[in-house]
Amino acid sequence: MMPLDLSIPAQLTTAYLPDLVVMGGGMLLLLWAVWRPESEAHSRSVAWIAMGVCLAGIAAVLWSWNRGLTAGNGAIAVDAFRWVTDLVILLGMLMTLAISVDFNQRMRLLAPEMHVLVVLAGSGMMLLTAARDLMVLFLGVELMSVSVYVLAGIDRRSSRGAESSLKYFLLGAFSSAFLLYGIALVYGATGSTNLVTIGEAMSTPAVSGSPMMMVGLALLLVGFAFKVAAAPFHMWTPDVYDGAPAPYSGLMACAVKTASFAALVRVCLEAVGTGSERWHLALWWLAAATMVVGNLFAIQQRNVKRMLSYSSIGHAGFLLVAVTAQTTEGAAAIAFYLVAYTLATLGAFAVVVAMNGGSDGVTHVDEYAGLWTVRPGLAMAMAVYMLALLGFPLVGGMGFFAKWYVLQAALHASAPQTRLAIILVLTTVVSAGFYLYLVMVMFMRPRPEGLAPPPPATGLTRLVIATSVVLILAFGLYPSPAVKVAQRSAAASFAPAAPRPTASAVAP
Amino acid sequence: MPGFLASIHYGTWVLPALLAIPLAGAALIRLAGRSPLPGQELRAAAWREVRVLAFATFAAEAVVALGLWWFVDPARAGYVARLDLPWIQDWGARFTIGVDGISAVMILLTCLLMPLAVAASWQVVTTKIRSYYSLLLILTSGVIGVFVSLDLLLFYVFWELMLIPMYFIIGIWGGTERLRASLRYFLVTMIGSLLMLVAIVVCWQASGGATFGLEALTRTLSLDLTYQRWLFAAFFLAFAIKSAVFPFHTWLPDAQHEAPTTTAVALSVKVGAYGIVRFAVPLFPAAALDDGIRAIVIGLAVVGIVYGALVALVQPDFKKLVSYSSISHVGFIVLGVFALTATSVQGAVLVMVNTGITSAAMMCILGMLHERRKTGMIANFGGIARVVPMLSAMLALVAMSGIALPGTNGFVGEFLVLAGAFAGFPVASILAATGVVLGAVYALWAIQRVIFNPLDNPENRRMKDLNRRELAVLSAFAVAILWIGIWPSPMLDRLGGPSRRFVMQVEQGARAAATLEAATP
């Protein structure tokens, strides 16, 4: 244990170290990226260095974690939950960078800046996981979002990419405005932007019940709901994920979601606490609506990227169930879930990348017909991802324990979320409808005559697929280490919430 | 024999071996056969190698399992051959496995049926043959896992593990309607099992988040009746769906009809019924003995018996007829378990075994008929007794066992169920007995249309009778049918002890819950 005093610059630097490594790495990389003219080799070298920056970030996170750094209630949090979510984000960035190398080469996307943008987006995300102050949080959101808006439209020749980018930008800017307005109102009501101070102020009914606070919290929640793609604020998601280049759709679906959820959990547990009945109710309905909408709409999708984006909405719903529990156990469940979700979703996008042989980026499910007969490895990997997303034991590996963890957190909360748990289970059955549809198409449909087999996946993509499958299956057999880390980190980071005074009147 | 088993420390390794042998076989099969270029089908010459390897694995499994017959002492209470390893410490989930008389018999049934099923449909599968046998072996591991798990989370993992190979086998190697049948099978089963998962979480939390152990939970779980009812309902739903209890049976005829013979055989092992006996009733004894729930469940059982028989009567397709007849038999199992006398429970477990044997034998014979004539419609046959006398004789024998003719295995089980249930539930027993009569009607009528009647379809004249392989398989089934029918006492001895203990345990649990209810106003 080593407490840091954040008012001393040197110690503040230590607290920020992983973020600084990634951010500084990103800046230097930008210089290197524009140093040379655009070429395939240059783009590749930038990608490799970007991955190196991510690895350095991972090392910095592990170093900080290992030293057991802590800090008081300053502007940034220094705790294990931040490190865990940072690691998930860096993992997502690594996977994205790895699959984007071949993809960009195939799509003739040569601008090396996009690898830089991934790193910069990542530093924004890491800022978001660290934020214990609404201003830092907003900075993180903006740094992350602006980088990702550009990434969505990085393919200038694609009109769908441009549409995706513009849509994302307009709606994202809109949601940032909500967020900012919410922050302003919360500041007005409590006189602070620090989460812990807000939390203390919330304990007086005069503050927590004041209209200004309520409107502020509502706007804050709307902002978050946009970022995590919770229904009914999810409309942008399918278009954006579908139009953006596949690796960056994966980044948006995983890392962006991880960062937003990490921030949301912190706001929930440190600022709002269990003090606000209405906040809880709003989360409850968000979770229920997101699960139902995401999974129901995914069924009719025949475009794999769209299907995956609706599936990511559904998973946001499952994650919101754990947020609704408002316990440290819920936070642990979220950390664990995000690991499984990132591995499976980015793995699935890696398969999409491997499948997409330079066409216009539309990934119709028919292209997967009979994939098993021509590329058995790819088909089996995709089946594992689908079953992991479905939450199936053993074959779906870690996905099952992730879902189990969320279920357990929901039922173990001081106000058990039994109804949400039932909705979760039933929507999971619904989700089997589309996850299994893809499996069925790959394994049980014959390969149509004349449909050329996809080109063999190349080195890095293959590595991403193999590693993620192995990790998913290994943690599916023996999840103990991951459970331990999730449990300890959440318990060490958040004080256990006080029991809710009126537990009975929670669920509608 | 027990001395020999002790000398080789049978108890310490048998269960892990039973779980591992199929997986090892599946891995070996991946390596077998001349490896063709990637993406290419295995050459026909290599098929034999794969089949032999698969059969050898199943046979090894059967030989290892055979020891359980002598190893499990019917007089001793509790589970033997236990193995208890830590798994997920933070949640208290453990890798706990063990067997008692009931699970030993079910394991034995599975391990003996699978090699027979593989032998019976030796040449049916010709595409992707390595994947087919690998999946079949993984499926067997899953089924064995369900029978040995004594930890709820572990049980759930194995329970769901069964689903995947089954789904792929039906979907890839099934009949013309295979896609619909496999998806339906998957979704319907999944609804049940996920609700059971929620119930498992609740049980675990009632234990203070400390354990998933079946024995510990049975001993210590004290929930009030309302809670117990809901949890019982969730467990029962999962098991009722899996064992096709009326009205949750609709997936079975489709799945069994589309599935290749081996998998249709695997589907006739009633894992769901086993789950009711092992988990649903002992964990929630007060709910299981609750008058309302008992009335509903026994009502479903009786309706299922009669309904299954009536629907079987009008099936034009022989395989579907067999499926509906097994739905009817499952009614007897449920009736026997919930009548909750030592005799009826013993009978119910025996019916589980018998349905397995009879329905599996039927599926094998129908598979053979299908190989010869590429059809399963009853109307396409007629008078084949003159063309294929051996096959017809076997068909007739298996049908007799299905209608519970004295001297066959079917009789003993159903008789015990009815005898045990009559005292407590006379009306239900009488109605169930009419199911036996209806059973005779549909089975005999089907037999008459298939093997007797005039031989008016010229295609039937060219059918070949059983070859040696098929004869050997069906003789094994015939021996089992007659052995349990004529000399059932070794079997009954093994089931008697566990059944009595089961009844005692449930009644005790219910009393404990009643006192708890009385103590808390």
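Note that this is a predicted model, so its numbers are computed, not measured. (Residues numbered from 1 in each chain as written. Chains lettered and ligands numbered in written order. Predicted model: local features only at pLDDT ≥ 70, side-chain atom pairs only at ≥ 80, totals over all residues. Heavy atoms only, no water.)

Next up on the list: the overall build of chain A. The helix and strand inventory of chain A stands at 20 helices and two strands. Projecting the C-alpha coordinates of chain A onto the three principal axes gives extents of approximately 70 × 55 × 40 Å. Residues counted as buried form 64% of the 508 residues belonging to chain A. In chain A, once contacts between residues fewer than 6 apart in sequence are set aside, the share between residues at least 24 apart is 81%. Surface accessibility of chain A: about 16500 Å² in total, with carbon and sulfur atoms responsible for 70%. (Helix = DSSP H or I, 4+ residues; strand = E, 2+ residues; numbered from the N terminus. Buried < 20%, exposed > 50% of the residue type's maximum accessible area, 1.4 Å probe, protein only. Contact = heavy atoms within 4.5 Å. Areas by Shrake-Rupley, 256 points an atom, 1.4 Å probe, with all protein chains shown as cover.)

Turning to the overall build of chain B, a few remarks are in order. A count of helical and extended segments in chain B gives 24 helices and two strands. Against the 2.2 N^0.38 benchmark of 24 Å for 521 residues, chain B shows a C-alpha radius of gyration of 22 Å, consistent with a compact globule. By residue count, 63% of the 521 residues in chain B fall in the buried class. When contacts within chain B are restricted to residue pairs at least 6 apart in sequence, long-range pairs at least 24 apart make up 81% of them. When the accessible area of chain B is evaluated, it comes to approximately 18200 Å², of which 67% is carbon and sulfur surface. Here chain B holds 35 positive side-chain charges and 26 negative ones, and the gap between their average locations is 9 Å. (Rg over C-alpha atoms; globule rule 2.2 N^0.38 Å. Lys, Arg positive; Asp, Glu negative; His and termini not counted. Charge placed at Lys NZ, Arg CZ, Asp CG, Glu CD.)

What follows is about the interface of chain A and chain B. In this assembly, 35 residues from chain A lie in contact with 38 residues from chain B. Summing both partners gives a buried area of about 3600 Å² for chain A against chain B, and 79% of it is carried by carbon and sulfur. Linking chain A to chain B there are one salt bridge. Counting the contacts that link chain A with chain B gives seven residue pairs in polar contact (both at pLDDT 80 or more). At the level of secondary structure, the elements contributing two or more residues to the side of chain A that touches chain B comprise helix H15 (371–374), helix H16 (376–390), helix H17 (398–412), helix H18 (418–444) and helix H20 (480–493) of chain A. Here the element with the most residues in the side of chain A that touches chain B is H18(A); it accounts for eleven residues. (Buried area = accessible area lost by both parts, 1.4 Å probe. Salt bridge = Lys/Arg side-chain N within 4 Å of Asp/Glu carboxyl O. Polar contact = N/O pair within 3.5 Å; in protein donor to acceptor, adjacent residues only side chain to side chain.)

On to the confidence of the model for chain A. For chain A, per-residue confidence averages 89 on the pLDDT scale, and residues scoring 70 or more make up 95% of the total. The low-confidence segment residues 498–508 of chain A, where pLDDT is below 50, has 22 contacts with residues more than four positions distant or belonging to other chains. (pLDDT = per-residue confidence, 0-100.)

Below, the discussion takes up the pattern of salt bridges. All names here are of chain A. Tallied over the full model, the rule gives 25 salt bridges over all chains. Between Arg 44 and Asp 102 there is a salt bridge, and its shortest N-O distance comes to 3.8 Å. Of this pair, Arg 44 sits in helix H2 (residues 40–66) while Asp 102 sits in helix H3 (residues 80–106), and the two are 58 residues apart along the sequence. The class for Asp 102 is buried, based on a relative accessible area of 9%. Glu 163 is the partner of Lys 167 in a salt bridge, and the nearest nitrogen-oxygen pair spans 3.1 Å. Of this pair, Lys 167 and Glu 163 both sit in helix H6 (residues 159–190), separated by four residues, roughly a single helical turn.

Moving on: the environment of B:Ile327. Residues and elements named next belong to chain B. Looking at the element boundaries, Ile 327 is found in helix H17 (residues 318–339). Here the alpha-carbon distance between Ile 327 and Val 245, two residues 82 residues apart in the chain, equals 6.4 Å. Not counting residues within four places of it along the chain, the set of residues in contact with Ile 327 comprises Ala 244, His 249, Leu 252, Pro 253 and Gly 304.

This part is about the nonpolar core. Of all hydrophobic cores here, the largest spans 409 residues; its most connected members are A:Tyr368, B:Phe235 and B:Phe338. Top element by residues in this core is helix H14 (residues 328–355) of chain A. It accounts for 21 residues. If we ignore the near neighbours within four places in the chain, the residues touching B:Phe338 are B:Phe232, B:Phe236, B:Ile276, B:Val281, B:Ala288, B:Arg294, B:Val297, B:Ile298 and B:Phe425. (Core = buried A, V, L, I, M, F, W, Y, C linked by side-chain atoms within 4.5 Å.)

Tracing the backbone through its elements, the reader meets A:Ser311 in helix H13 (residues 304–325). Each residue touching A:Ser311, except ones within four places of it in the same chain, is listed here: A:Ala298, A:Leu389, A:Phe434 and A:Tyr435.

The next subject is a nonpolar patch on the surface. Residue and element names in this part refer to chain B. Taken together, the side chains of Met 1, Phe 4, Ile 8, Trp 13, Leu 66, Trp 70 and Leu 112 make up a nonpolar region of the molecular surface, amounting to roughly 620 Å² of accessible area. When you line up the elements, Ile 8 lands in the loop between helix H1 (2–7) and helix H2 (10–31). Overall, the relative accessible area of 31% leaves Ile 8 in the partly exposed class. (Patch = residues over 30% accessible without salt bridge, like charges linked within 9 Å, V, L, I, M, F, W, Y side chains within 5 Å.)

Let us now look at the packing of aromatic side chains. Residue and element names in this part refer to chain A. Counted according to the given criterion, the structure contains 46 aromatic pairs over all chains. Between Tyr 149 and Tyr 168 the ring centres are 5.2 Å apart and the planes differ by 85°, which places this aromatic pair in the edge-to-face class. On the criterion of sequence distance, the pair formed by Tyr 149 in helix H5 (residues 134–152) and Tyr 168 in helix H6 is long-range, its members being 19 residues apart. A single burial state applies to Tyr 149 and to Tyr 168, both of which are buried. (Phe/Tyr/Trp six-rings, centres within 6.5 Å; stacked < 30°, edge-to-face > 60°.)

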